[in-house]
Structure formats: C-alpha cells, structure tokens
2 protein chains.
Amino acid sequence: MYRTHTCGELRIENVGQTVTLAGWVQKSRKLGGMTFIDLRDRYGITQLVVDAHAAAELVETAGSLGREWVLQVTGEVIERQSKNPKMPTGDIEISLSEIKVLNKANTPPFTIEEESDGGEELRAKYRYLDLRRGPLQRALKIRHQIAHEVRNYLDAQNFLEIETPYLIKSTPEGARDFVVPSRMNPGQFYALPQSPQTFKQLLMVAGYDRYFQIVRCFRDEDLRADRQPEFTQIDCEMSFVEQEDVLNTFEGMMRTLFKNVLNVEIAERIPRMSWYDAMDFYGSDKPDIRFDMKIHEITDLVKGYGFSVFDGVDYIGAINVEGAAGYTRKQIDELTEWVKRPQVGAKGLVYIKLNEDGTIKSSIDKFYTPEQLQAVADRLGVKKGDMMLVLCGAKRKTQNMLGVLRIEMGNRLGLRDPFNFAPLWVVDFPLVEWDDETQRFYAMHHPFTAPKPEHLELFYSDKKEDLEKVCANAYDFVLNGTELGGGSIRIHEAEMQQRMFEVLGISKEDAEYKFGFIINAFKFGAPPHGGLAFGFDRVCSLFGGQETIRDYIAFPKNNQGRDVMIDSPSYIDQEQMDELFLESKAETKE
Amino acid sequence: MYRTHTCGELRIENVGQTVTLAGWVQKSRKLGGMTFIDLRDRYGITQLVVDAHAAAELVETAGSLGREWVLQVTGEVIERQSKNPKMPTGDIEISLSEIKVLNKANTPPFTIEEESDGGEELRAKYRYLDLRRGPLQRALKIRHQIAHEVRNYLDAQNFLEIETPYLIKSTPEGARDFVVPSRMNPGQFYALPQSPQTFKQLLMVAGYDRYFQIVRCFRDEDLRADRQPEFTQIDCEMSFVEQEDVLNTFEGMMRTLFKNVLNVEIAERIPRMSWYDAMDFYGSDKPDIRFDMKIHEITDLVKGYGFSVFDGVDYIGAINVEGAAGYTRKQIDELTEWVKRPQVGAKGLVYIKLNEDGTIKSSIDKFYTPEQLQAVADRLGVKKGDMMLVLCGAKRKTQNMLGVLRIEMGNRLGLRDPFNFAPLWVVDFPLVEWDDETQRFYAMHHPFTAPKPEHLELFYSDKKEDLEKVCANAYDFVLNGTELGGGSIRIHEAEMQQRMFEVLGISKEDAEYKFGFIINAFKFGAPPHGGLAFGFDRVCSLFGGQETIRDYIAFPKNNQGRDVMIDSPSYIDQEQMDELFLESKAETKE
C-alpha cells in the first residue's frame with residue numbers, strides 16, 4: 001500500500017504520528033520560505049508543509065511540483081497554526097520529510113475545481129479529468145449509495161436480483177431498437193433491450209415471486225436534451241399483488257432512500273392523484289406539487305360574452321400567480337412573448353390583476369365587467385395583489401400550456417427548491433390513446449398493462465369511445481415535476497393479452513412473431529403480477545438536487561450519441577463487416 | 001395482496017389460524033375421499049386438504065385441478081396426522097374452505113421436479129417452466145446472495161460501484177467484438193465491451209480510488225461448451241496499491257463469500273504458486289490442488305538408456321496414481337486410448353507399477369533395470385500398490401497432457417469433491433508470449449499489465465529471449481482447477497504503455513487510434529493502480545457445486561448463440577436495415 005491514511009482522514013488526535021499519504025496536487029504555494037501543498041484524493045484534502053530549513057532536495061522537489069501531479073509523501077502530523085474550520089482535516093497539516101513523485105502531469109486543459117473554467121465539449125473530451133471535480137465525485141458517490149440502499153431494501157423485502165439478457169430479440173413496438181448483427185447466424189440480428197419487461201414477466205411465470213434488477217436499457221431515439229441512448233433502470237416485478245401492494249412496497253423504498261441517503265423524512269403516505277386530475281389541475285401527467293397554483297377552468301364564466309377569442313374555443317383556463325399584481329406592462333409583454341414561443345405554442349396571454357386597492361385590471365377589460373372578472377377571481381381564490389394568467393384553446397392542449405406556464409411562474413417565484421422533495425403517485429391512467437395520424441390505438445403504458453377490473457366490459461367493446469374510457473391499473477411515481485418511475489399491474493391471461501394486441505391493431509401473426517413466447521408462457525400458469533421501473537439516472541440527479549442526468553453518469557454520450565472521449569461510434573474494419581455479412585450504404589466514409 | 005403467508009412459512013405454531021395462500025399446484029391426489037394438494041411457491045410447499053364432507057362445489061373444484069394451475073386458497077392451519085419431517089412445513093396442512101383458480105395451465109411439456117424428464121432443447125424452449133424447478137430456483141437464489149455479499153463486502157471496503165458504458169468503441173485486440181450500428185452516425189459502429197478494462201483504469205486516473213462493478217461483458221467467439229456470448233464479471237480496480245494489497249483485499253472477499261453463503265471456512269492465507277510451478281507440477285495454469293499427484297520430471301533418470309521413444313524427446317514426466325497398481329491390462333489399454341484421443345493428443349502411455357510385493361512391473365521393462373525404475377519411483381515418492389503414468393515429448397505440451405491425465409485420474413479416484421473448496425493464487429505470469437504463426441508477442445494477460453519492477457531492464461531489451469523472461473505483476477484466482485478470476489498491477493505511465501504496445505507490435509498509429517484516450521489520460525497524473533475481475537457466472541456455479549454455468553444464468557444462450565425461447569437472433573425489417581444504412585450479404589434469408 002502506498003499510504004497509511006487517506007487525505008480525508010487525519011484529525012487533531014493524529015498529531016505526532018508519522019504518516020504516508022498519496023494523492024494529487026490540488027495546489028501549492030510558497031509563503032515566507034515555506035511550501036504549502038494541498039494533496040487531494042477521493043476522501044478529502046490534506047495540507048502538506050515543507051519547511052524552508054528542510055533538506056535542500058526536499059525543498060527543491062516541493063518547489064517543482066505542478067497541478068495534478070501524483071505524489072506519495074511521508075511526514076509528521078502537526079497542529080496547524082491557522083486552522084481551517086471548513087475542512088475536516090483543517091486542524092492539522094503534515095510536516096514532510098519525504099516526497100516521492102509517482103507520476104507527473106501535463107497541465108490540465110481546465111481547472112479541477114468545484115466550478116471549472118472548461119467548456120462542455122472540452123470537459124467531455126477529458127472526462128477523466130472532469131470526473132476529478134468535487135461535484136462529479138459527489139454525484140457518482142450518491143449514485144453508488146442509492147444503488148446500495150435500493151439493493152438492501154429490496155433484499156430485505158425478499159426480492160431476488162436476477163440478470164436478464166442484453167442480447168435479445170428486436171420487437172419494433174415503441175422506440176427504435178439498437179441491433180447487433182450475429183456472426184454465427186448470418187443475416188440475423190440481436191436487439192439490445194429497451195427494458196427487461198418481457199423477461200421480468202417470464203420470471204413471474206417461472207415463480208420467482210419478487211424480482212428486481214438495476215439494469216442498463218437502450219433506446220435508439222433522436223436524442224432530446226438530457227436523454228441518453230443507454231440509461232439505467234431500477235426494474236421490479238412482484239407476483240400475487242394488487243396495485244396497492246406495489247405502491248406500498250415502493251413508497252417504502254423511496255422513504256428509505258430519502259431517509260438513509262439524504263436524511264429527509266417524507267410524508268407517511270405519498271399523495272395520489274388520478275391522471276385526469278393531474279391533467280385538469282396541473283396540465284401535466286407529472287405535476288410538481290411543491291407549490292399550488294392549480295389550473296382552473298373558467299370557460300363557463302367567460303365564454304359567450306362577446307370576446308371572440310374566448311367565444312371561439314372549447315376551453316378557457318387560468319392560474320393564479322400570487323403576489324404578481326405588480327408585474328409591469330413590460331414584464332407581461334415579455335411573458336406573452338414567452339408563451340408564444342413554439343416550445344409553448346400559445347396564441348396569446350390574458351392577464352387579470354387584482355390590485356392591492358381592490359380594483360381589477362386586465363387585458364380584457366373592455367369585454368367584461370369588473371363583477372364578471374371578480375367571479376373568475378373568486379373561483380381561483382385570488383387575493384389582493386395577485387395576478388391571474390389565462391390561456392384558451394383545445395382543452396388538453398391548453399391545459400398543457402398552462403402547465404408549462406405554471407412551472408415557469410413557479411421558477412420565477414422561487415417555488416421550486418430542489419431540496420424540497422414532494423413525491424406523488426399519479427394513478428388511473430387511460431389504458432390506450434388514439435393516434436389520429438396512424439388511425440390506431442397505442443398503449444399509454446405498454447401492451448402488457450391490465451385494464452382495471454371494473455372496466456373490463458369497456459375493454460371488450462368494439463366502440464372507440466368505450467375503449468378511450470378504459471382505465472389501466474397503472475401508476476407513475478413523480479417527484480418535483482419529474483416522472484421518476486412507473487409501472488402497472490400486468491395482464492396475466494393469454495386470452496386478455498390477445499385482446500390487448502387486437503385493440504392495438506397488432507395482427508395475430510405479428511403478435512405471434514413478436515410476443516409468441518410470452519403469450520405462450522401465459523398458458524402455463526401465469527400468476528397475477530405487476531411491477532414498475534424507476535429511471536435510476538434521474539433518481540440520482542434529483543437526489544443530488546440537479547436537473548440534468550449527465551453528471552450522474554460516469555461516461556455519458558453527447559446529443560449526437562457520441563462519446564467524444566473515446567471517439568465512438570467509429571468505423572470498423574472491412575474484415576469485421578465481411579464476417580458479419582454486412583455492407584455499408586452510408587455515403588460519408590472516412 | 002393475494003395471500004397472508006407464503007407456501008414455505010407455516011409451522012405448528014400457526015395451527016388454528018385462518019390463512020390465505022397462493023401458488024402453483026405441484027401435485028394433487030385423492031385418498032379415501034379426501035383431496036390432497038401440494039401448493040408450491042418460491043418459498044416452499046404447503047399441503048392443502050379438502051375433506052370429503054366439504055361443500056360439494058369445493059370438492060369438485062379440488063378434484064378438477066391440474067398440474068401447475070395457479071390457485072388462491074383459504075383455510076385453517078391444522079396439525080397433520082402423518083407429519084413429513086423432510087419438509088419445513090411438514091407438521092401442518094391447510095384444511096380448505098375456499099379455492100379460487102387464478103389461472104389454469106396447459107399440461108407442461110416436461111415434469112417440474114428436482115430431476116426433469118425433459119430434454120435439454122425442450123427445456124430451453126420452455127425456459128420459464130424449467131426455471132420453476134428446485135435446482136434452478138436454488139441456482140438463481142445463490143447468485144443473488146453472492147452478488148449481495150460481494151456488494152456489501154466491497155462497499156464496506158470503500159469501493160464505489162460505478163457503471164461504465166455498454167456502447168463503446170471497437171478495439172479489435174483479442175477476441176471479436178459484437179458491434180452495434182449507429183443510426184445517427186451513418187456507417188459507424190459502437191462495440192459492446194469485452195470488459196470495462198479501459199474505463200476502470202480511467203476511473204483510477206479520475207481519482208475514484210476503489211471501483212467495482214458487477215457488469216455484463218460480451219465476446220463474439222465461436223462458442224465452446226459452457227461459454228456464453230454474454231457473461232457477467234465482478235470487475236474491480238484499486239489505486240495506490242501493490243500486488244499484495246489486491247490479493248489481500250480479494251482473499252478477504254472470497255473468505256467472506258465462503259463463510260456467509262456456504263458457511264465454509266477457508267484457510268487464513270490462500271496458497272500462492274508461481275505460474276512456472278503450476279505448469280511444471282500441475283501441467284496447468286489453473287491447478288486443482290484438492291489432491292496432490294504432482295507431475296515430476298524424470299528426463300534425467302530415463303533418457304539415454306536406449307529406449308528410442310524417450311531418447312528422442314526433450315522432456316519426460318510422470319505422475320503417481322496412488323493405489324492403482326491393481327489396474328488391469330484392459331484398464332491400462334483403455335487409459336492409453338484415452339490419452340491418445342485428439343482432445344489429449346499423447347502418442348502413447350507408459351506405466352510403472354510398484355506392486356504390493358515390492359516388485360516393479362512396467363511397459364518398459366525391457367529397456368530399464370528394476371533399480372533404474374525404482375529410482376524413478378523414489379523421485380515420485382511412490383508407495384507399494386501405486387502406479388506411475390509417464391508421458392514424453394515437448395516440455396510444455398507434455399506437462400499439459402500430464403495435467404489433463406492428472407485431472408482424469410483425480411476424477412476416477414473420486415478426489416474432486418465439488419464441496420471441498422481449495423482456492424489458490426497463481427502468480428508471476430510471463431508478461432508476453434510469442435506466437436510462431438503471426439511472429440509476434442501477445443500479452444498473456446492484456447496490454448495494460450505492468451512488468452515486475454525487477455524485470456524492467458529485460459522489458460526494454462530488444463532480444464526476444466529477454467522479453468520472454470519478463471514476469472508480470474499478474475495473478476489468477478483459481479478454485480478447484482477452474483480459473484475464477486484474474487488481474488494485474490497496471491502500467492500507469494504513458495511511456496511504459498507505449499513501450500508495451502511496441503513489444504506487442506502495435507504501431508504508434510494503431511495504438512493512437514485504438515487506445516489514444518488512455519495513453520493520453522496517463523499523461524495527466526495517473527496513479528499506480530491494479531485490479532482484477534472474477535467470472536461471476538462461474539463463481540456462482542462452483543459455489544453451487546456445479547461445473548456448468550448454464551443453470552446459473554436465468555436466460556442463457558445455446559452453443560449457436562441462440563436463445564431458443566425467444567427465437568433470437570432473428571431477421572429484422574428492411575426498413576430497420578435501411579435506417580442503419582446496412583445491406584445484408586448473407587445468402588440464406590427467410
């Protein structure tokens with residue numbers, strides 16, 4: 001071992017001991033003949049000191065060190081003259097008797113500090129240097145901790161972690177698969193799993209009762225910001241359970257994580273909200289309930305009074321922004337422009353202020369009496385000094401825009417503290433949604449989700465409007481406006497699964513080809529079962545108080561799906577292509 | 001929840017309670033008007049009984065049940081008349097008041113018992129049914145346990161589990177990569193990792209100090225028996241360590257596993273053997289030291305006495321098979337045929353018996369005096385009643401054949417009890433080995449392994465014979481004749497890594513293209529580091545007392561790399577091919 005202690009370990013009690021440390025030079029500086037060196041490792045930073053009167057060679061070595069050099073040093077722990085209460089090791093320093101340079105280092109292309117001066121692209125290329133910085137070290141540490149706590153909790157609940165294969169079969173339903181050509185089976189391909197969904201259901205058929213896996217999943221999608229082609233799930237499944245059992249089990253898991261990782265106590269019972277309420281009151285299937293500011297429909301109060309914009313739409317909705325009556329004309333104009341951006345897509349924005357003096361001022365004053373506007377204010381529970389914001393149009397679309405606006409106002413009012421945690425279950429999702437373009441139903445969750453038992457009659461109906469009403473035994477776990485996980489009670493009968501494929505317009509032949517093995521499996525005694533999966537990367541980032549997942553993944557890819565550090569993907573040898581019986585039709589080739 | 005208890009839980013103390021169980025019908029039988037049903041789940045089997053005088057409907061349902069049907073039953077726990085001491089639940093049974101059939105089941109294509117009557121192919125196709133059998137349930141359970149113990153041990157030792165990417169870069173050195181075409185980067189490919197080797201080294205450069213991961217790896221090799229295209233490693237790396245530190249850390253891990261999973265105490269210090277001794281005395285780099293039967297060189301004792309077979313070779317070696325002097329002519333002939341099979345490849349076999357009466361009998365009696373043969377016997381420490389077996393030829397090749405023969409004799413003599421565990425470290429491997437065919441050196445371990453510091457001069461020599469003498473700081477963990485893991489202290493200096501690539505005949509350009517990022521990383525302050533990886537599938541199978549890994553993997557592939565359950569790999573749509581800019585040149589296409 002190159003060291004007796006780590007750089008985060010020594011305290012005042014160690015004074016007088018001779019120790020050996022190893023680590024990186026964080027910085028070094030001369031001060032009145034003395035050389036001070038901050039030596040860093042994963043565990044902390046310890047200050048080293050070389051006296052001006054020390055052996056000439058030692059003084060010289062100490063003076064020659066560069067940032068990020070790797071050292072092994074030996075010396076005596078002494079009490080510091082000027083202590084640093086901000087550092088756990090701040091009471092002591094090491095008076096060096098020996099410095100051994102284990103490795104020199106080129107000057108890093110950016111500073112290895114809490115905040116780096118390097119641009120994103122540069123830091124991605126030198127990811128191994130960026131990973132030395134405190135925020136990333138803490139990110140990967142919390143990731144390890146969360147995984148460890150998850151495993152301990154689930155193990156204690158009798159779950160078995162069972163690995164499912166990564167080389168599986170392409171089933172083009174939903175997102176695109178990454179595929180892997182098989183050399184031994186010419187012309188054929190494996191696919192990388194988008195999730196272990198079918199395998200975990202087969203494990204239930206196989207009687208494993210409680211399964212989990214922290215597992216990589218793959219989706220070949222055009223990458224939106226903060227999406228990765230490979231990502232990690234906490235994937236779980238249970239047999240002989242109803243929805244309530246699943247929710248309770250994973251409420252317990254999340255409570256344990258909050259407690260053991262962050263020392264945060266969350267509510268004894270996580271609130272539950274139906275998907276319909278989430279859409280109606282928050283304009284989102286993942287409401288941020290850290291703040292209220294609910295959406296209220298006001299169609300009945302303002303439609304039909306001669307204001308043509310409102311009169312021509314199905315739905316008019318409003319939110320109340322507390323204390324915002326002071327918003328200036330300029331601020332409101334800016335907000336109007338903001339909602340008109342294509343990312344939101346509103347045609348315009350109506351405001352109604354309830355001034356501190358009790359008067360009402362709005363952009364639609366000429367169409368409504370103050371009494372009419374007061375009725376709107378009353379519905380929203382508006383107080384003096386508040387301002388309502390109103391949007392109108394098609395119902396779900398407008399609710400959606402109001403939801404986006406609500407989040408924006410929450411941000412502007414500082415209502416979204418990342419360390420205030422407000423978890424929520426969203427339940428009672430529609431089973432399927434109609435797509436006008438392809439003229440077919442798609443599974444809202446996935447094709448294995450069971451309809452609610454009380455909706456079975458609707459599920460077997462031939463009418464589109466009946467099928468649209470079917471609710472699923474599905475649930476999402478939402479934290480602070482982000483969907484962290486979701487799942488459902490599954491179909492466990494072959495016949496019902498066939499019906500589901502029929503509803504989705506998947507032909508019997510197609511279903512047989514793609515899902516034959518699971519339909520078949522259901523014929524041999526499938527138990528009732530259900531489960532869920534959490535997006536592990538996002539769990540980690542939210543626990544770390546961050547919105548982006550990239551820092552919580554050791555080696556992420558950029559928005560073009562590239563790893564710029566290793567320069568991948570890359571071209572392969574013709575020989576490799578030949579072995580795989582493949583020819584490239586790509587035009588650009590190096 | 002569909003149950004109040006599992007099928008493995010109820011005891012005599014529960015008598016009188018009304019309980020609800022759920023599970024599968026293992027079997028049912030009628031006995032004097034009563035119906036007995038064995039209900040099974042992952043946790044055990046509980047006997048259910050329906051009295052002849054019970055409600056008619058209940059009696060009828062009980063009579064109609066088939067094997068593997070899924071039931072929910074309610075009844076009262078009663079004491080059994082005839083107890084079954086072999087079952088944990090054998091003191092009680094449930095007198096049923098209700099049976100609910102949750103799912104019927106087709107008759108399974110083979111029996112779901114400890115030993116199934118199904119052939120391998122059939123069981124693979126219905127893997128989800130095979131997985132219901134006791135041996136497989138125990139296999140996956142021990143796998144979960146081992147993983148859990150590994151993680152707890154390493155977490156306590158300050159290791160962080162850090163996930164490395166699965167979509168990486170193809171570096172065709174060693175085995176073949178599986179590749180993944182990139183849609184977003186036309187003509188380019190990712191590769192699936194053969195191991196996270198470079199990433200874990202980069203994590204050391206990044207200062208993570210102690211890393212581990214239980215991680216899937218991929219190798220597109222022609223599958224030998226008991227190899228899988230995807231397999232799992234326990235992958236570990238540590239900074240600021242020497243070989244001794246790595247060995248101690250993982251001896252501790254293995255000791256903990258043996259203790260906590262199997263309740264077996266292994267030696268305080270696992271024996272260590274140099275690679276050279278392993279080859280000389282066991283004819284294998286993974287000696288099975290559960291039994292002795294060492295190989296002895298006897299060239300000096302028998303060469304040059306006019307027996308042309310021995311006189312024409314470099315090396316003559318022998319093993320002593322204790323108590324085998326009674327082997328008949330026929331048995332020896334059979335053994336001779338056995339060593340002449342191509343799998344072993346010997347030209348012939350010489351035996352020398354030391355009979356119980358002290359006389360010597362051998363197949364080479366006419367060439368040697370009894371005294372000369374006695375000298376051989378003395379060297380091997382042969383006792384009366386033993387028989388020596390002698391092979392000759394080129395040194396390493398002959399040692400290898402003797403090693404294979406030794407294992408065979410160990411098997412025949414019953415010296416290889418799978419529940420007798422004899423771990424061993426093999427150390428001091430050669431750094432590189434020469435390949436005559438391609439006229440170049442190959443890394444014995446991998447190109448990142450460091451030469452022993454005391455061999456640095458040889459490492460920088462231009463002479464082939466010097467380079468062949470260089471030992472590496474490499475080590476293998478061997479259990480009962482199987483290599484379970486291996487690793488090394490790594491090169492951490494860019495200059496030494498360049499030299500290694502030079503020794504391996506990898507051009508600067510090639511090295512730069514394939515490994516540029518890691519050579520570059522070493523220039524920014526790489527710490528001394530080393531690590532190892534265990535083959536997790538094999539660890540599990542050996543802990544389970546089995547030689548094959550297939551039962552320890554939930555969904556394995558067959559020898560053609562196929563998953564016959566999901567029928568993968570398979571053809572993909574032309575549309576998918578087009579999106580990937582690929583054309584298939586395979587001739588057979590469905």
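Reference entry: report on the structure contained in this document.

The rules behind these values
- Residues numbered from 1 in each chain as written.
- Chains lettered and ligands numbered in written order.
- Predicted model: local features only at pLDDT ≥ 70, side-chain atom pairs only at ≥ 80, totals over all residues.
- Heavy atoms only, no water.
- Helix = DSSP H or I, 4+ residues; strand = E, 2+ residues; numbered from the N terminus.
- Buried < 20%, exposed > 50% of the residue type's maximum accessible area, 1.4 Å probe, protein only.
- Polar contact = N/O pair within 3.5 Å; in protein donor to acceptor, adjacent residues only side chain to side chain.
- Contact = heavy atoms within 4.5 Å.
- Salt bridge = Lys/Arg side-chain N within 4 Å of Asp/Glu carboxyl O.
- Pairing = 2+ DSSP bridges.
- Axes fitted to C-alpha atoms, helices over the stretch in contact; angles between N-to-C directions.
- Parallel < 35°, antiparallel > 145°, perpendicular 65-115°, else oblique.
- Left-handed = near helix turned anticlockwise from the far one by under 90°.
- Nonpolar A, V, L, I, M, F, W, Y, C, P; charged D, E, K, R; others polar.
- 1 Å grid on protein atoms, 1.4 Å probe; cavity = no way out; pocket = protein on both sides within 12 Å on 5 of 7 lines; lining within 4 Å.
- Points joined across faces, edges and corners; volume = space filled by probe spheres on them.

**Some details on the side chain of Gln26 of chain B**
Residue and element names in this part refer to chain B. With respect to the helices and strands, the residue Gln26 is situated in strand E1 (residues 18-31). Residue class for Gln26 comes out buried when judged on its relative accessible area of 10%. A distance of 3.0 Å separates the side chain of Gln26 from the backbone oxygen of Ile112, its partner in a polar contact. In contact with Gln26, not counting residues within four places along its chain, are Asp38, Arg40, Ile45, Arg67, Ile112 and Glu113.

**Digging into the pattern of salt bridges**
The tally for this structure, following the rule as stated, stands at 96 salt bridges over all chains. In this structure, Glu68 of chain A and Arg132 of chain A form a salt bridge, with 2.8 Å as the shortest nitrogen-oxygen distance. With Glu68 of chain A in the loop between helix H1 (56-64) and strand E4 (70-79) and Arg132 of chain A in the loop between helix H3 (127-130) and helix H4 (134-156), the pair connects residues that are 64 residues apart, well separated along the chain. For the pair Glu68 of chain A and Arg132 of chain A, one class covers both residues: buried. Across the salt bridge formed by Asp333 of chain B and Arg329 of chain B, the nearest N and O atoms sit 3.1 Å from each other. Of this pair, Asp333 of chain B and Arg329 of chain B both sit in helix H10 (residues 329-340), four residues apart, which is roughly one turn of that helix. Classification of Asp333 of chain B as partly exposed rests on a relative accessible area of 35%. A network of salt bridges, in which partner residues are shared, links Arg143, Arg216, Glu230, Asp537 and Lys557 of chain A together with Glu163 of chain B.

**A look at the pairing of strand E3 (residues 44-50) of chain B**
Residues and elements named next belong to chain B. In terms of burial, E3 is a largely internal element, six of the seven residues being buried. Two elements, strand E2 (residues 34-41) and E3, share seven bridges in a ladder whose sense is antiparallel. Bridge pairing in E3 links Asp41 to Gly44. Hairpin connection, E2 to E3: the antiparallel pair is bridged by two residues. Relative to strand E5 (residues 92-103), E3 runs parallel, the two sharing two bridges. Across the sheet, the residue bridging to Leu48 is Ile94, located in E5.

**Quick notes on the packing of helix H5 (residues 197-205) of chain B against helix H16 (residues 508-521) of chain B**
Residue and element names in this part refer to chain B. It is at 10 Å that the axes of H5 and H16 come closest, and there the two elements cross at 20°. The angle between H5 and H16 places the two elements in the roughly parallel class. Note on packing geometry: the crossing formed by H5 with H16 is left-handed. Of the residues in H16, those touching H5 at Thr198, Gln201, Leu202 and Val205 are Phe517, Ile518 and Ala521. Residue composition of the contact of H5 with H16, by class: five nonpolar, two polar and no charged.

**Notes on empty space enclosed by the protein**
One pass over the full model with this rule turns up eight cavities of 30 Å³ or more. For the largest cavity, the calculated volume is near 330 Å³. In this structure, the largest cavity is lined by 25 residues; those nearest its centre are Arg151 and Ile214 of chain A together with Arg151, Glu161 and Ile214 of chain B. Going through the elements one at a time, H4 and strand E9 (210-218) of chain A together with helix H4 (134-156) and strand E9 (210-218) of chain B are the ones with two or more residues in the lining of the largest cavity. Class assignment of the residues belonging to the lining of the largest cavity gives a composition of 10 nonpolar, five polar and 10 charged. If you go around the second largest cavity, you meet 15 residues; those closest to its centre are Glu163 of chain A together with Arg216, Glu230, Ile553 and Phe555 of chain B.

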